[in-house]
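Breakdown of the fold
This is what each chain is made of:
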Amino acid sequence: MCQRCGSGASGGEEDCEPCESDLRFVPRPLGLTGTSVAILDFATHTNYTFHVEAVNGVSGLGGNTRPLVNISVTTDQTGPSLVGVVRKDWASDNSIALSWTEVEQQPNDILDYEIKYYDKEQEQSGYSSTRTKAVSVVVTGLKPATVYVFHVRARTAAGFTAYSNKFDFSTGDEYSGMAADQGQVLVVVTAAVGGFSLLVILTLFFLITGRCQSFIKDKRKSDDKRRDHFQNVLPVPGIKTYVDPDTYEDPTQAAHEFTTEIDPSRIRIERVIGAGEFGEVCSGRLRTPGEKEIPVTIKTLKGGYVERQRRDFLREACIIGQFDDPNIIRLEGVVTKSRPVMIVVEYMENGSLDSFLRHHDGHFTVVQLVGMLHGVASGMTYLSDMGYVHRDLASRNILVDEGLVCKVSDFGLSRVLEDHPEPAYNTMGVKIAIRWTAPEAITNRKFSSASDVWSYGIVMWEVMSYGESPYWEMSNQDDDDDDDDDDDVILSIEEGYRLPVPMGCPVVLYYR
Ligand code: ACK
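Just so we're clear, the structure is a prediction, and the values are computed from it rather than from any experiment. (Residues numbered from 1 in each chain as written. Predicted model: local features only at pLDDT ≥ 70, side-chain atom pairs only at ≥ 80, totals over all residues. Heavy atoms only, no water.)

This part covers helix α11 (residues 449-464). With 16 residues, α11 extends 22 Å from end C-alpha to end C-alpha; this agrees with the ideal 22 Å at 1.5 Å per step. Most of α11 is tucked away: twelve of the 16 residues are buried. (Helix = DSSP H or I, 4+ residues; strand = E, 2+ residues; numbered from the N terminus. Expected span 1.5 Å × (residues − 1). Buried < 20%, exposed > 50% of the residue type's maximum accessible area, 1.4 Å probe, protein only.)

Our focus in this paragraph is the confidence of the model for the protein chain. Here the protein chain averages 80 in pLDDT, while 77% of its residues score no lower than 70. Confidence over residues 176-194 falls short of pLDDT 50; this stretch has 25 contacts with residues more than four positions distant or in other chains. Every residue in residues 198-237 scores below 50 in pLDDT, and together they form 53 contacts with partners more than four places removed in sequence or on other chains. (pLDDT = per-residue confidence, 0-100. Contact = heavy atoms within 4.5 Å.)

Once that is clear, we can look at the site of the ligand. Around the ligand, 13 residues are found, and the nearest of them are T297, E346, M348, S352 and S355. One of the side-chain N or O atoms of T297 is found 2.9 Å from a nitrogen atom in the ligand. Note that an oxygen atom of the ligand is positioned 3.3 Å from one of the side-chain N or O atoms of S355. For the ligand, the accessible surface in isolation is 450 Å², of which the surrounding protein chains cover 74%. Elements supplying a minimum of two residues to the shell around the ligand: β15 (267-275) and β19 (342-346). (Near = heavy atom within 4 Å. Polar contact = N/O pair within 3.5 Å; in protein donor to acceptor, adjacent residues only side chain to side chain. Areas by Shrake-Rupley, 256 points an atom, 1.4 Å probe, with all protein chains shown as cover.)

Turning our eyes to something else, we now look at the state of the cysteines. All told, the structure shown has two disulfides when counted by the stated rule. One disulfide bridge connects C2 with C19, the sulfur atoms lying 1.9 Å from each other. For the disulfide bridge between C2 and C19, the dihedral angle about the S-S bond is near -80°, and by the sign convention the bridge is left-handed. Taken together, the residues C2 in strand β1 (residues 2-5) and C19 in the loop between β2 (16-18) and β3 (24-26) connect sequence positions 17 residues apart. Like C2, the residue C19 is buried in the burial classification. With its sulfur 2.2 Å from that of its partner, C5 forms a disulfide with C16. Residues C5 and C16 share a disulfide whose torsion about the S-S bond is about 105°; that sign makes it right-handed. Of this pair, C5 sits in strand β1 while C16 sits in strand β2, and the two are eleven residues apart along the sequence. (Disulfide = S-S within 2.5 Å.)

Moving on, we come to the pairing of strand β8 (residues 96-102). Where burial is concerned, most of β8 is hidden: six out of the seven residues are buried. Of the strand pairs in this sheet, strand β7 (residues 83-91) and β8 are connected by six bridges, and their pairing is antiparallel. Across the sheet, the residue bridging to V86 is W100, located in β8. Between β7 and β8, which follow one another and run antiparallel, lie four residues. (Pairing = 2+ DSSP bridges.)

Moving on, we get to the sheet that holds β8. Spatial strand order, β7-β8-β11: three strands in an open sheet with antiparallel pairing. Every other strand in the sheet has two partners, leaving β7 and β11 (136-139) as the edge strands with one partner each. Here the average twist between neighbouring strands, direction ignored, is 25°. As judged from the four bridges shared by β8 and β11, these two strands associate in the antiparallel manner. Of the residues in β11, the one forming a bridge with I96 is V139. (Axes fitted to C-alpha atoms, helices over the stretch in contact; angles between N-to-C directions.)

Right, dumping it as structure tokens:
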């Protein structure tokens, strides 16, 4: 149980209110069987008191005093809510568009906003949240004719500020007709603009294939299709947010929460297909609970590891295990209770995108190449909607299946980079991929979905040039033998140099 108490001097009981619904408890606030819980989303400058109680079958039948242990914490950091009045701009039967004003003059250091919302009638069944960089948002996946409670808070470099007041807004009913329809179109457009240039790519796809006319004629049909696609990208209701597995003190608990333990007798390793950072990468078969055999890739943790390596290895599984998207590599499960420790993911027949393209130089149509890029954009949109920043997007980290579907993979790097004081240099033997990384991320470690978009631009260039190395043999500032600044990637980018249009790339895909 949680109580949030006023910071006033009186600090009496009367100042306190329950706060379970304002915080995120991982795995949950009640019914825990373990002896730890991670609590997130604190407001700043607030006193919280947590009451912890062990219960069994006869709890409540004995004396009057409940054996509670109390823990009080006061949060620090940035000031009160920066969000003033939240307005409803429009609503359809399953979406509501909101916008808000800041209380003070717009501070430059707001990174983004988090919008928390729940069905007013069913507060106890939990809440959803979504994020935006703008002072407006379209919340989708809502139930018709239902009142939702919304509150918004800002995130600055120092953390989250307090939430705004709560605002109640209702969705329309199923008969809202035109308004609802326009709402849906707006939802799609807003998502596409705010997302990962997905719609731009789709539009280019239609332009390239000369289908613009029929696209306009079939507007209604295609709106429906895009609506379907949109709903695939955003789980209903709202968007689940990513939880950093490092917020768990006990990595085993995180693995328990986000992954499924596989009995090793269900795994058959067939051959080694490569070397990973922690051990061999193998292909093989997994017998599913339905006794079907599916092809899988098995990443192993080599023997003689220290606890830190085991944690870093399993961290990737805890990240992938939170995702569920057709363009993100799917986790089948992990083996942690026996040796070797393994991570089992779906098998991607064509391996990584960079080597696949190099082996098939010139073999694909522009439409096929754009189709691959569309898949990557769609996967990255999903990740940014979840609040996850990849930090190492490059075609070597995209896998391709037999149907040319591209899936984002390699989720191991983000924390490693964050911990390191000198971003341009290597950590654990890995160099930051200077050529794929946005300038602000190289110089100020400002990794964000925007810096992932920069990397996406480099991936577009790689794909359209069939796996050519970006900036060819130009040097990195950190190369020891480098004393020719004219030929340096970072300096050249700072001076405005950009990769030139790849051979055969339609000009609609290349904008300077
Ligand atoms: O370029 P590749 O063929 O694709 O060689 C590397 C190698 O393992 C070491 O990482 C391949 N690989 C990694 N994950 C998968 C997967 N899920 N399916 C198929 N191949 C994979 C990667």
